[in-house]
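Chain by chain, the residues:
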Amino acid sequence: MGKVIAIANQKGGVGKTTTAINLAASLAALEFRTLIIDADPQANSTSGLGFNPKEIEYSIYECMVEGIRTRDIIIQTDFPNLDLLPSHIDLVGAEIEMINLKNREDRMKDSMDTIRDDYDFVIIDCSPSLGLITINSLTAADSVIIPVQCEYFALEGLGKLLNTITIIQSRLNTNLAIEGILLTMYDLRLRLSNQVVNEVTTHFQSLVFDTIIPRNVRLSESPSYGVPVLAQDADSKGAISYLNLAREILTKNGLLSQDHSVGVS
Ligand code: ADP
Ligand code: MG
């Protein structure tokens, strides 16, 4: 059964979508069957993988609200081993429409149960909120990755997110673990970036991934080509750092031994 990892932080612009797309693509490149679920009405993972959200007929919305079969909605991307459960702007309305539904926090988990065996990893790109859709994502997940941007106010809002995770662990999903805190958009030349790295690692210690994602222009360009950075420039710092993150996660989960690396095709 696949491992489900949610990428969450209610702050916008911290690198959730960039991490979802490029971690998922790195796991896929390492030959793990991977599904990315776009759980943000802004549908940036959907467009970042080359699909026009306006032309998407069915999305995660139909799975969660209308009970349409998840397997019928998943689309294959051009990237080997990588599938997408797309999003659509309609997802904005789902929060309100689900209020009166039974098991409203479990809708995503239920719609995922039928396809979990098809994948080694399911990566959920969360929206910048702590609303019902994000609660559904965290209820469906085995673990959560929290991207933190190496910028001013890096730790702002983290307490609230960690508190939400604790509430979900106690009421909805006792198995939810923190996979790690991921420092993103690190700029070697900026003293501020180094200060944030020090502050976050001092505060959260072993919860912080060893891999730090640098600020890299290829990472911000690749969505406009509709591909993960690995498909655009496999030698870029961005591509290499997300491959390193994938390897760190695989090693942590006992799926890759430290001295035995899986070849990238
Ligand atoms: P979120 O999903 O948390 O809102 P995004 O992943 O969309 O954040 O990132 C916000 C912006 O920053 C996007 O324009 C993205 O291309 C850019 N970005 C994210 N990570 C990096 C990085 N490591 N280097 C350069 N640009 C980045
Ligand atoms: Mg996003």
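Since the structure is predicted, the reported quantities are computational estimates derived from the model, not experimental observations.

(A) Broad picture of the sheet that holds strand 1 (residues 3–7). Read from one edge to the other, the open sheet built from seven strands follows the order 3-4-2-5-1-6-7, with strand pairing classed as mixed. Strands with a single pairing partner mark the edges of an open sheet, and in this sheet they are strand 3 (75–76) and strand 7 (177–184). Where helix 9 (residues 191–204) meets the sheet, its contacts fall on strand 6 (143–149) and strand 7, and the angle it forms with strand 7 comes to roughly 165 degrees.

(B) Local environment of the environment of Asp106. Note that Asp106 resides in the loop between helix 5 (91–98) and helix 6 (107–113). Expressed as a C-alpha distance, the spacing of Asp106 and Asn173, which sit 67 residues apart in the sequence, is 9.7 Å.

(C) Inspection of unusual backbone geometry at higher detail. Positive phi outside glycine occurs at Ala43, with the angle close to 55 degrees. Note that Ala43 resides in the loop between strand 2 (34–39) and helix 2 (44–48). Using a relative accessible area of 1% as the deciding quantity, one classes Ala43 as buried. Its identity as a non-glycine residue notwithstanding, Asn103 has a phi of 50 degrees, on the positive side. Relative to the helices and strands, Asn103 resides in the loop between helix 5 and helix 6.

(D) Local environment of the pairing of strand 4 (residues 82–85). Of the two faces of strand 4, the one holding Leu82 and Leu84 and the one holding Asp83 and Leu85 are both buried throughout. In terms of strand pairing, strand 2 meets strand 4 through four bridges, oriented parallel. Its bridge partner being in strand 4, Ile37 is matched across the sheet by Leu85. Summarising the sheet, strand 3 and strand 4 pair through two bridges and their orientation is antiparallel. Residue pairing across strands places Ile75 opposite Leu84, the latter belonging to strand 4.

(E) Quick peek at the pattern of salt bridges. Counted under the stated rule, the structure contains ten salt bridges. In this structure, Glu179 and Lys3 form a salt bridge, with 2.9 Å as the shortest nitrogen-oxygen distance. Separated by 176 residues along the polypeptide, Glu179 in strand 7 and Lys3 in strand 1 bring together distant segments of the chain. Take Glu179: its relative accessible area is 4%, and that puts it in the buried class. Three or more residues are tied together by salt bridges with common partners; here these are Arg218, Glu221 and Asp233.

(F) Summary view of the site of ligand 1. Neighbouring ligand 1 are 14 residues; Gly13, Thr17, Thr18, Pro214 and Asn216 lie closest to it. Within the backbone of Val14, one N or O atom sits 3.1 Å away from an oxygen atom of ligand 1. With respect to ligand 1, the backbone of Pro214 contributes an N or O atom lying 2.9 Å from a nitrogen atom. Relative to its unbound accessible area of 550 Å², ligand 1 is 78% covered by the protein chains. Among the secondary structure elements, those contributing two or more residues to the shell around ligand 1 are helix 1 (16–29) and helix 10 (217–225). The element contributing the most residues to the shell around ligand 1 is helix 1, with three residues. Of the residues assigned to the shell around ligand 1, the class counts are five nonpolar, seven polar and two charged.

(G) Broad picture of the UniProt feature "domain: AAA" (unreviewed entry) in the protein chain. Listed under "domain: AAA" (unreviewed entry) in the UniProt record, and renumbered for this structure, are residues 3–178. Segment residues 3–178 splits into 39% helix and 18% strand. End C-alpha atoms: 13 Å apart.

(H) Focus on the pairing of strand 6. By the criterion of burial, strand 6 is predominantly enclosed, with seven of the seven residues buried. Neither face of strand 6 is exposed, since Ser143, Ile145, Pro147 and Gln149 on one face and Val144, Ile146 and Val148 on the opposite face are all buried. Relative to strand 7, strand 6 is paired through seven bridges, and the arrangement is parallel. Along strand 7, the bridge assignment pairs Ile146 with Ile181. As a crossover connection, the stretch from strand 6 through helix 8 (residues 158–171) into strand 7 is right-handed.

Thresholds applied
Residues numbered from 1 in each chain as written. Chains lettered and ligands numbered in written order. Predicted model: local features only at pLDDT ≥ 70, side-chain atom pairs only at ≥ 80, totals over all residues. Heavy atoms only, no water. Pairing = 2+ DSSP bridges. Helix = DSSP H or I, 4+ residues; strand = E, 2+ residues; numbered from the N terminus. Contact = heavy atoms within 4.5 Å. Axes fitted to C-alpha atoms, helices over the stretch in contact; angles between N-to-C directions. Buried < 20%, exposed > 50% of the residue type's maximum accessible area, 1.4 Å probe, protein only. Salt bridge = Lys/Arg side-chain N within 4 Å of Asp/Glu carboxyl O. Near = heavy atom within 4 Å. Polar contact = N/O pair within 3.5 Å; in protein donor to acceptor, adjacent residues only side chain to side chain. Areas by Shrake-Rupley, 256 points an atom, 1.4 Å probe, with all protein chains shown as cover. Nonpolar A, V, L, I, M, F, W, Y, C, P; charged D, E, K, R; others polar. UniProt positions renumbered as here; feature names shortened; annotations may be inferred. Right-handed = clockwise from strand over helix to strand, strands pointing away.

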